[in-house]
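Commentary on secondary and tertiary structure
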Amino acid sequence: MLKLLTIGILFYLLYRVVISPNRLKQGAQNSADNTSDDGEYVDYEEIE
């Protein structure tokens, strides 16, 4: 049981340290690539 718990914690730490930062970098790159506003419609409310 202790061995299974230790392996689970190690995989979790590996995910948090190695895999998760790479996914965040990919998301930042994708959002930077999609900076053009062509074709997007934004509806603003009028304030009086």
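Throughout what follows, the structure given in this document is the object of discussion. (Residues numbered from 1 in each chain as written. Predicted model: local features only at pLDDT ≥ 70, side-chain atom pairs only at ≥ 80, totals over all residues. Heavy atoms only, no water.)

Looking now at the overall build of the protein chain. Counting its regular elements, the protein chain contains one helix and zero strands. For the protein chain, the proportion of its 48 residues judged to be buried stands at 2%. Accessible area of the protein chain: about 5,200 Å², with a carbon and sulfur share of 58%. (Helix = DSSP H or I, 4+ residues; strand = E, 2+ residues; numbered from the N terminus. Buried < 20%, exposed > 50% of the residue type's maximum accessible area, 1.4 Å probe, protein only. Areas by Shrake-Rupley, 256 points an atom, 1.4 Å probe, with all protein chains shown as cover.)

Moving on, we get to a nonpolar patch on the surface. A cluster of nonpolar residues, Ile7, Phe11, Leu14, Tyr15, Val17, Val18 and Ile19, forms a patch on the protein surface that exposes about 640 Å² of accessible area. Relative to the elements of secondary structure, Tyr15 occurs in helix α1 (residues 2-33). (Patch = residues over 30% accessible without salt bridge, like charges linked within 9 Å, V, L, I, M, F, W, Y side chains within 5 Å. Salt bridge = Lys/Arg side-chain N within 4 Å of Asp/Glu carboxyl O.)

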